[in-house]
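Structural description and commentary
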Amino acid sequence: MTAKAAADDASAKITKRIEALDDWRGEMLAQVRQLIREADPEITEEWKWAKPTSGGTPVWSHAGIVCTGESYKDKVKLTFARGASVSDPKKLFNASLEGGTRRAIDLHENASIPAAAFRQLIRAAVALNVAAQAERATKRKQDPRRGR
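Residues numbered from 1 in each chain as written. Predicted model: local features only at pLDDT ≥ 70, side-chain atom pairs only at ≥ 80, totals over all residues. Heavy atoms only, no water.

In this section: the overall build of the chain. From N to C terminus, the chain includes three helices and five strands. Helices and strands appear in the chain in the N-to-C order α-α-β-β-β-β-β-α. The C-alpha radius of gyration computed for the chain amounts to 16 Å, which stays within 12% of the reference 15 Å derived for 148 residues, consistent with globular compactness. Each principal axis of the C-alpha atoms in the chain carries an extent, and together these give about 55 × 40 × 30 Å. Across the chain, the fraction of contacts at a sequence separation of at least 24, relative to all contacts at a separation of at least 6, is 51%. Carbon and sulfur atoms provide 49% of the accessible area of the chain, an area that totals close to 8900 Å². When the 26 basic and 19 acidic side-chain charges of the chain are each reduced to a single mean position, those positions are 8 Å apart. (Helix = DSSP H or I, 4+ residues; strand = E, 2+ residues; numbered from the N terminus. Rg over C-alpha atoms; globule rule 2.2 N^0.38 Å. Contact = heavy atoms within 4.5 Å. Areas by Shrake-Rupley, 256 points an atom, 1.4 Å probe, with all protein chains shown as cover. Lys, Arg positive; Asp, Glu negative; His and termini not counted. Charge placed at Lys NZ, Arg CZ, Asp CG, Glu CD.)

Structure representation (structure tokens):
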């Protein structure tokens, strides 16, 4: 499967998940998806961790995972892979605050998402991923044993 076909398949699965959540959670996930796409038009949608007991998880990536979008009975949870390192001046992160790597945003029914602040958070997470990817590439070039 080509990369474009895989991305199209993942996008279709995310759309299907949104439609299957025929309550506020589907609306919330659709709103978050739109804000993510607005923040970074180059973001890639992926579908990961599908198992027989779990259909899988929507994932948004750019130079690595930016965030996942999971739905639970009482919330939609957005987990940022490098959230602990992302600047969050508007204090959107409200879950998984103790971890050394990830941070999350739990969105409950009737929650409002500050769109501008959320888009800025997405952009900051993407910038962090791009910088880390560039740093890894530089290290590979400097170490002749790597990159073989």
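All right, on to the sheet that holds strand S1 (residues 44-48) then. Spatially, five strands are ordered S1-S2-S3-S4-S5 in an open sheet, and the strand pairing comes out antiparallel. Either end of the sheet is taken by a strand with one partner, and the two such strands are S1 and strand S5 (103-107). If you compare each strand with its neighbour and ignore which way they point, the axes differ by 20 degrees on average. Note that strand S2 (residues 57-61) and strand S3 (residues 65-71) share three bridges and pair antiparallel. Within the sheet, the bridge partner assigned to Val59 lies in S3 and is Thr68. Running over the sheet, helix H2 (residues 24-39) touches S1, S2, S3, strand S4 (76-80) and S5 and is turned about 30 degrees from S4. The strands that helix H3 (residues 115-142) touches are S3, S4 and S5; relative to S3, the one it contacts most, it runs at about 135 degrees. (Pairing = 2+ DSSP bridges. Axes fitted to C-alpha atoms, helices over the stretch in contact; angles between N-to-C directions.)

This part is about the pairing of S4. Burial analysis of S4 places five of its five residues in the buried class, which makes it a mostly covered element. What you see with S4 is no split at all: Val76, Leu78 and Phe80 on one side and Lys77 and Thr79 on the other are buried throughout. Counting the residues in the hairpin turn of S3 and S4 gives four residues. As judged from the five bridges shared by S4 and S5, these two strands associate in the antiparallel manner. Opposite Leu78, over in S5, you have Ile105 as the bridge partner. (Buried < 20%, exposed > 50% of the residue type's maximum accessible area, 1.4 Å probe, protein only.)

Attention shifts here to H3. End to end, H3 covers 41 Å across 28 residues, agreeing with the expected 40 Å (1.5 Å per residue, within 8%). Along its buried surface, H3 packs onto H2, S3, S4 and S5. (Expected span 1.5 Å × (residues − 1).)

So, about H2. Counted at 1.5 Å a residue, the expected span for H2 with its 16 residues is 22 Å, and the 22 Å between its end C-alpha atoms agrees. Within H2, burial applies to Trp24, Arg25, Gly26, Met28, Leu29, Val32, Arg33, Leu35, Ile36 and Ala39. Looking at where H2 begins, the residue whose side-chain oxygen comes 3.0 Å from the main-chain nitrogen of Arg25 is Asp23. (Polar contact = N/O pair within 3.5 Å; in protein donor to acceptor, adjacent residues only side chain to side chain.)

Scope: geometric values only; no functional claims are made or implied.
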